[in-house]
Amino acid sequence: MRHTTINGRTVSALCLGAMQFGSTTDAATSAALLDRFVDAGGTFVDTADCYQFWVEGGHGHESETFLGRWRRERGVTDEVVIATKVGAQPTVPGTGLETQEGLSAQAVATAAERSRQRLGVDSLDLLYAHREDPATPVEETMEAFARLVDEGTVRELGLSNHRTWRLERARAAAEARGGPRPRVLQYRYSYLQPRLDAPLESTGHMHATPELFDYVRAEAAQGREHVVVAYTSLLSGAYTRPDRPLEYAYDHPGTVARLAVLDEVAVETGATRNQVVLSWLMGHDPVVVPLVGVSSAAQLDEALEATDLILTPEQHARLTTTH
């Protein structure tokens, strides 16, 4: 297992997505996958307080509730970092993101406490603002997050699905207060690059853009390191499954060229497309931690084996520079 660090804390360079655990992936399978991940050296798990409100019978706390039970049953403590998110839980049953709780000071405090209780922890390892809340000033949200850190109920802060100018505003607000800044940024990102002028078919997703990575590099030059966590890193199976076609945003000539190089490197390494993609992400500059969602042991094993695949500098460059 490869590893990376978040503010000095070591975590696995592969993050396991628990979105479906305890709901569309049954409890027994979910527990077995978590056990397998941890046994292989995995120490980074991702969830949110709204997973999965959109499935039939879902309320939005199934994943956190399941993870809390798994922690108790397995005696898991600080060796596994569990990241969660607040702000996107609907306030009206049966509705969607249009009624999200948002990121007001009160909403953040209430949601964080619910997450803490469900997960059964004294302190949340990593708490993200799940998505933008245009109705709440970034400064108010950052003040609320800082208060949680000051109280000791949150260790590390993150932002997910926020425009780059909001990241900078959040940093400035934290610096003005002398408080903690968000060090972990979660966005949709993979090897194939989308047309950014095409609407996403997946509601609520925001891509990591060249501007975002430029921002992260500029911040690093000032001594402010970030880690980017990439969700939908395997494009929901589209690299390998004919029944999972690529979304419209990937329908452009660059996709054909990048897939051709991906297949070349897969043959050279004896790895699968998915494994090459994950290895490429883990070798990314700036640092990217791929987040993978799995529903079977075979899918998990494929992802775990990718952590042992080290691309040559030439292979990595060839994949990166292909347009």
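About the cut-offs
Going along each chain's sequence as written, the residues are numbered from 1 onward. Predicted model: local features are reported for residues with pLDDT of at least 70 only, side-chain atom pairs are reported and counted for 80 or more only, and whole-chain, interface and lining totals are derived from all residues. With hydrogens and water excluded, all non-hydrogen atoms of the structure serve as input to the side-chain values. Axis definition: a line fit to C-alpha positions, over the contact stretch in the case of helices; interaxial angles, taken between N-to-C directions, run 0 to 180 degrees. Numbering of helices and strands runs from the N terminus, with a helix taken as a DSSP run of H or I at least four residues long and a strand as a DSSP run of E at least two residues long. Should an angle fall under 35 degrees it is called roughly parallel, over 145 degrees roughly antiparallel, and 65 to 115 degrees roughly perpendicular, with every other angle called oblique. By definition, any crossing whose near helix is turned counterclockwise from its far helix by less than a right angle is left-handed, and any crossing with a clockwise turn is right-handed. Any two residues whose heavy atoms approach within 4.5 Å are treated as being in contact. For this classification, Asp, Glu, Lys and Arg are treated as charged, while Ala, Val, Leu, Ile, Met, Phe, Trp, Tyr, Cys and Pro are nonpolar and the rest, including Gly, are polar. Burial classes: relative accessible area under 20% of the type maximum marks a residue as buried, over 50% as exposed, and values in between as partly exposed (1.4 Å probe, protein chains only). It is the directions from the helix axis to the C-beta atoms that the arc portrays. A pair of strands is considered paired only if DSSP assigns at least 2 bridges between the two. What makes a salt bridge here is a side-chain nitrogen of Lys or Arg within 4 Å of a carboxyl oxygen of Asp or Glu, nothing more.

(A) Highlighting the packing of helix α7 (residues 253-269) against helix α10 (residues 313-321). In the contact formed by α7 and α10, the axes pass within 9 Å of each other and the chain directions differ by 165 degrees. If you check the angle between α7 and α10, you find them roughly antiparallel. Between α7 and α10 lies a crossing whose hand is left-handed. Residues Arg258, Val261, Leu262, Glu264, Val265, Glu268 and Thr269 of α7 touch α10, and the partners they reach there are Gln315, Arg318, Leu319 and Thr320. When grouped by side-chain class, the residues that make up the contact of α7 with α10 number 4 nonpolar, 3 polar and 4 charged.

(B) Molecular detail of helix α9 (residues 297-306). The set of residues buried in α9 consists of Leu300, Ala303, Leu304 and Ala306. The arc that holds every buried residue of α9, seen down its axis, measures 155 degrees, which confines them to one face. Contact partners of the buried residues in α9: β3 (15-17), α1 (27-39), α8 (273-282) and β10 (288-293).

(C) Up close: the sheet that holds β10. Read once around its circumference, the closed barrel built from 8 strands follows the order β3-β4-β5-β6-β7-β8-β9-β10, with strand pairing classed as parallel. When the angles between neighbouring strand axes are averaged without regard to direction, this sheet yields 30 degrees. The sheet contact formed by strand β6 (residues 124-129) and strand β7 (residues 154-160) spans 5 bridges and is parallel. Bridging across to β7, leucine 124 finds its partner in valine 154.

(D) Region of the structure containing the pattern of salt bridges. This structure, assessed with the given rule, holds 28 salt bridges. Residue arginine 116 is joined to glutamate 113 by a salt bridge in which the shortest nitrogen-to-oxygen separation is 2.9 Å. With a gap of 3 residues between them, arginine 116 and glutamate 113 both fall in helix α3 (residues 105-119), about one helical turn apart. The exposure class of glutamate 113 is partly exposed, given its relative accessible area of 32%. Here aspartate 150 ties to arginine 177 by a salt bridge, and the two come within 2.8 Å at their closest N and O atoms. Of this pair, aspartate 150 sits in helix α4 (residues 138-151) while arginine 177 is found in helix α5 (residues 164-177), placing the two residues 27 residues apart along the sequence. Bridged by salt links that share partners, the residues Glu168, Arg171, Glu175, Glu219 and Arg224 form one connected network.

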